[in-house]
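# Per-entry structural report
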Amino acid sequence: SWPTMGRAMGLAGLLLGLVVVPAVLVSTNLRHGAPRTEAEPEPSGWELAADAVPEDSLWPLPQWVRTYPRQLQLAPSRFQLVHGAASSAGPSCGLLQDAFRRYYEYIFGHSRRRTWGRRPLAARAEPELFQLQVVIEAGDPGCDRHPQLASSEAYHLTVTEPVAILKAAEVWGALRGLETFSQLVHEDDYGSFLVNESEINDFPRFAHRGVLLDTSRHYLPLKSILTNLDAMAFNKFNVLHWHIVDDQSFPYQSIYFPELSDKGAYSSNLIYTPTDVRLVIEYARLRGIRVIPEFDTPGHTQSWGKGQKDLLTPCYNGGQPTGSFGPVNPVWNTTYDFMTKFFKEISSVFPDEFIHLGGDEVDFSCWKSNPEVKEFMKKQGFGIDYAKLESYYVQNILDIVSSYNKGQMVWQEVFDHKAQLKPDTVVQVWMANNYARELSRVTGAGFTAVLSAPWYLDYISYGQDWKKYYSVEPLNFPGSEEQKKLLIGGEACLWGEFVDATNLTPRLWPRASAVGERLWSSSNVTNLQDAYKRLTNHRCRML
Amino acid sequence: AEKEPSWETPCTKLLVYVSTPGCDGFPSLDSNESYKLSVSKGSMLLSAETIWGALRGLETFSQLVGRDENGTYYINETEIVDFPRFPHRGLLLDTSRHYLPLKAILETLDVMAYNKFNVFHWHIVDDPSFPYESSTFPELSKQGAFNAMTHVYTASDVRSVIEYARLRGIRVIAEFDTPGHTLSWGPGAPGLLTPCYVGKAPSGVYGPINPIVNSTYQFVTSLFQEVSTVFPDFYLHLGGDEVDFTCWESNPEIRAFMAEMGLGQDYRKLESFYIQRLLDIVSSLGKGYIVWQEVFDNNVKLRPDTIIHVWKENNLQYLNEMANVTRAGYRALLSAPWYLNRISYGQDWIEAYKVEPLVFEGVPEQKALVIGGEACMWGEYVDVTNLTPRLW
């Protein structure tokens, strides 16, 4: 129950610091060593307020922050990110080694600053910070594992001379802490790297904080996906929901069923090979990001039919097949044979505990037109309730995926149509109309939920719409304490109908940052003015 | 029925024939951009009155060349006769709300050429920043730019833009918007802006350009003298939009001036007073001008060759404005339905495409006064990270 004391402390710090601390602007162009000629929106002189406080650079705002006016100086040629002596992780922990290098570069830039400085040491006014020591406390740090829903992302950061300490139970917390530390380091007007003495205690409010990317409506080159993972790490997102295939194209190159992408991708170069997929998963892992693939069925599957004959339902008109196809055919055994084999592959390719099975927007009209399906409905006693047929299908898929020891995520229709879910199935609430009521229903029935409805970022609009996303309070739904615990987080969705590599990054960021803070920070961090200040700094830094 | 294309002797030359000499001039409102393109067996001819037409024809030609599945370049036999419906087809970029690096501007000019735009309306300065490096008043950008070292357009940058545009048949019309939208001018030109008052004391805040002091007009004359020389196009855009009167109303000297001049409480008359003098100054410098619609709406006395830029949009009110402007005999430019900065979800290009500029109530003579329009990309939420995908 740490209150967010950051701002109160900041104010006190301000009053004390006005004497000592010069007005500083957070380092904005070092994130990727951007050359100085690159445009960046700097506030004009009169906005360089003397009331800039260290917390102004933090996003998302940590649970508990205390900063002091005393500043420490960092020398790029000497400062090191190292494993603390007491850490259960050491040089063999590839994940942390990689993170150390990455964060060193974020903090100091890719420049020639590594050479010995030329100004005499005596000129320095502030004490020097020599190291950030990272101490992983759990017996098994998790270096070679993949992050999970239950992973600990908590960390405790103490910045004081001569050495700063970052403690975390697992490596995932260390990654979060490194990001925060990098946000605290700033440059003064003379180019010196400074950091205020501080103490931060932090952990995420919600455990599932995701971004959905759609690589079917438009293919996204690997580079875009990786750049996006970087941006997610800056914002402490920890789930990439990869909506990898859909009606329009099937870019996932399957090992068991190569025809799926051969015939279903937009073209033979617009695919994700097994190597690409491994790369995404590992790149994400190194940033503490889970990759949850979505293979959406039985609807949204037009592209599957190109490479897999007799998978989709043939639609009929007046007793004759029309030549067009509908959702996956739920009455043929071959469908389930295919799915059994397909999801065996998916279960082994994607290491996360969960697979998203889709289940949204199933159009029943084709099923209704097909005589075999109609016959099946009669036999099963479903009457004319095709939702029952959908549930029949979904339940079979859930069983298949369960048998591979994977948990399942589904879109809300699967729950709404009363399919029998497994107890740990996660329901993703996406329909905007009265989503609070849906959250009550889902959690009231005892299922875990993930919220996306108010965060469809593909729905662009003019002006500062980040504020709208920021102002969402996920737990604002009628329900008991127990129910509220079942809402494990949310996802910002960027559907791809109007998005490709030419506009993905500016459309998603920094709008998704608003969602990132809402899911990480405490529920009482709601002040839009303060958020604006911090978000402006954060955005420039992300560039 | 599809006919198998007959593969003729490979075409080796596109002959470009221009009837009117003159490669070193600048395009103008009256430039002839018509061209004829004839592609037939054994000969490809592009003929145009002027080089500007030739540029348009080259673009079209480049769009006709296809590539088959073997990689072979081909072109169908074609006859094209082309000319623009409207002579002023512009794009507005705002480099004050966010600085746009030179490269971004040049890239935009390239894409404009692909789309046969022929006017780059450079809204170069405004309230938030003054990136234009003036040789007469260097302090303007020194004090007013976001960063006087990095976020400025040097004289050489400006020349680059003008020449890059010229080579693509694009006119550069600079807009130095006054008397409102001038906060960034204040730091580098003390005494230019109106000091606002709270009660009897100055509040420390400034408003539009001060229209009652002679120094203002000396400044404006000098500045526009420079601007007129730097920008070769006949037209300058003088702005005149969204003048907030509250600061003027609060200033006792201005109130006294209003009384003296018998302007009563109608501050639009004061705005007119300023604008009229500005228009005279600019005219005497041998330039024509374009102004935003408020200048017309507020009954400023305008020269008959003024071009009015219609931008306000609320339930198709712009159609009335177009009717009013042209009925009064002025030429009109349409931007109201084409504020591309106002993004929305989905295929909003369709709404922009469906606009018919001449669908307002009026006689043919009025309709003839509509010289074209401009798509506007205001910069409040636009910088180099999102300009291109937002605009195109």
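Residues numbered from 1 in each chain as written. Chains lettered and ligands numbered in written order. Predicted model: local features only at pLDDT ≥ 70, side-chain atom pairs only at ≥ 80, totals over all residues. Heavy atoms only, no water.

Quick reminder of the rule: UniProt positions are given in the numbering used here, feature names are shortened, and annotations may be inferred rather than shown by experiment.
With an unreviewed UniProt entry as reference, chain B is termed Beta-hexosaminidase subunit alpha, source organism Calcarius ornatus. UniProt annotates chain B under Sequence similarities (unreviewed entry) with the comment "Belongs to the glycosyl hydrolase 20 family." According to UniProt, the comment filed for chain B under the heading Subcellular location (unreviewed entry) is "Lysosome".

Going by what an unreviewed UniProt entry lists, chain A is known as Beta-hexosaminidase subunit beta and is assigned to Calcarius ornatus. One UniProt comment on chain A, placed under Sequence similarities (unreviewed entry), says "Belongs to the glycosyl hydrolase 20 family."

### Digging into the interface of chain A and chain B
Counted only if it meets this: Note on contacts: a residue pair qualifies if any of its non-hydrogen atoms lie within 4.5 Å across the two residues. What counts as buried area is the accessible surface, traced by a 1.4 Å probe, that two parts surrender upon association, with contributions from both included. Whenever Lys or Arg places a side-chain nitrogen within 4 Å of a carboxyl oxygen from Asp or Glu, that contact is recorded as a salt bridge. A 3.5 Å cut-off defines polar contacts: any pair of N or O atoms within that distance qualifies, except that in protein one atom must be a possible hydrogen donor and the other a possible acceptor, and neighbouring residues in sequence count only when both atoms are side-chain atoms. Think of it as three bins: nonpolar holds Ala, Val, Leu, Ile, Met, Phe, Trp, Tyr, Cys and Pro, charged holds Asp, Glu, Lys and Arg, and polar takes everything else, Gly as well.
Listed as interface residues are 21 residues of chain A and, on the opposing side, 22 residues of chain B. Where chain A abuts chain B, roughly 1,900 Å² becomes buried across the two surfaces, and 65% of that area is made up of carbon and sulfur atoms. At the surface where chain A touches chain B, the tally comes to 1 salt bridge. Asp 383 of chain B is the partner of Arg 539 of chain A in a salt bridge, and the nearest nitrogen-oxygen pair spans 3.1 Å. There are 4 residue pairs in polar contact (both at pLDDT 80 or more) connecting chain A and chain B. Looking at side-chain class alone, the side of chain A that touches chain B contains 9 nonpolar, 6 polar and 6 charged residues.

### Observations regarding the sheet that holds strand S12 (residues 235-239) of chain B
Residue and element names in this part refer to chain B. To keep things clear, this is the line we draw: Being paired, for any two strands, means DSSP has found at least two bridges between them. Strands are runs of DSSP state E lasting at least 2 residues, helices are runs of H or I lasting at least 4, and numbering of each runs from the N terminus. Only the stretch in contact is used when fitting a helix axis, every axis being a line fitted to C-alpha atoms; angles between N-to-C directions are given from 0 to 180 degrees.
Strand order in the closed barrel formed by 8 strands is S7-S8-S9-S12-S13-S14-S15-S16, with parallel pairing between adjacent strands. Sheet twist, expressed as the average angle between the axes of neighbouring strands with direction ignored, equals 30°. Bridge count for strand S7 (residues 88-94) against strand S8 (residues 119-123) is 5 bridges, and the pairing is parallel. The partner of Leu 93 across the bridge, within S8, is Trp 122. Sheet strands in contact with helix H5 (residues 214-230) are strand S9 (171-178) and S12, and its direction is about 140° off that of S12.

### Some details on the pattern of salt bridges
Oppositely charged side chains can pair when the atoms bearing their charge come close. All names here are of chain B. Quick reminder of the rule: In this scheme, a residue with accessible area under 20% of its type's maximum is buried, one over 50% is exposed, and one in between is partly exposed, where area comes from a 1.4 Å probe on protein chains only.
Here the structure, examined in full by the defined rule, presents 39 salt bridges over all chains. The partner of Glu 33 in a salt bridge is Arg 89, and the shortest N-O contact between them spans 2.8 Å. Here the residue Glu 33 occupies a position in the loop between strand S1 (15-18) and strand S2 (35-40), and Arg 89 occupies one in strand S7, the gap between them amounting to 56 residues. Both residues of the pair, Glu 33 and Arg 89, count as buried. With a shortest N-O distance of 3.3 Å, Asp 266 and Arg 268 are connected by a salt bridge. A residue is classified by how much of its surface remains accessible, and Asp 266, at 23% relative accessible area, is partly exposed.

### Describing the packing of helix H2 (residues 102-114) of chain B against helix H4 (residues 155-166) of chain B
Residue and element names in this part refer to chain B. Operational definition: The cut-offs work like this: below 35 degrees is roughly parallel, past 145 is roughly antiparallel, 65 to 115 is roughly perpendicular, and the gaps in between are oblique.
Running from N to C, H2 and H4 cross one another at 10°; their axes reach a closest spacing of 10 Å. Put simply, H2 runs roughly parallel to H4. Here Leu 102, Ile 105, Leu 106, Leu 109 and Asp 110 of H2 come into contact with H4, specifically with Asp 157, Ser 160, Val 161, Tyr 164 and Ala 165. Residue composition of the contact of H2 with H4, grouped by class: 7 nonpolar, 1 polar and 2 charged.

### Some remarks on the UniProt feature "active site" (unreviewed entry) in chain A
Residue and element names in this part refer to chain A. Mapped onto this numbering, the UniProt entry gives "active site" (unreviewed entry) at Glu 361. Topologically, Glu 361 is positioned in the loop between strand S13 (354-358) and helix H9 (365-369). Setting aside chain neighbours within four positions, we find Glu 361 in contact with His 300, Glu 413 and Trp 430. In terms of polar contacts, Glu 361 uses its side chain to reach the side chain of His 300, at 2.8 Å.

### Some remarks on the side chain of Glu 197 of chain A
Residue and element names in this part refer to chain A. Along the chain, Glu 197 turns up in strand S7 (residues 193-202). There is a polar contact of 2.8 Å between the side chain of Glu 197 and the side chain of Arg 70. Residue contacts for Glu 197: discarding those within four places in its chain leaves Arg 66, Thr 67, Tyr 68, Arg 70, Leu 72, Val 159, Thr 160 and Glu 161.

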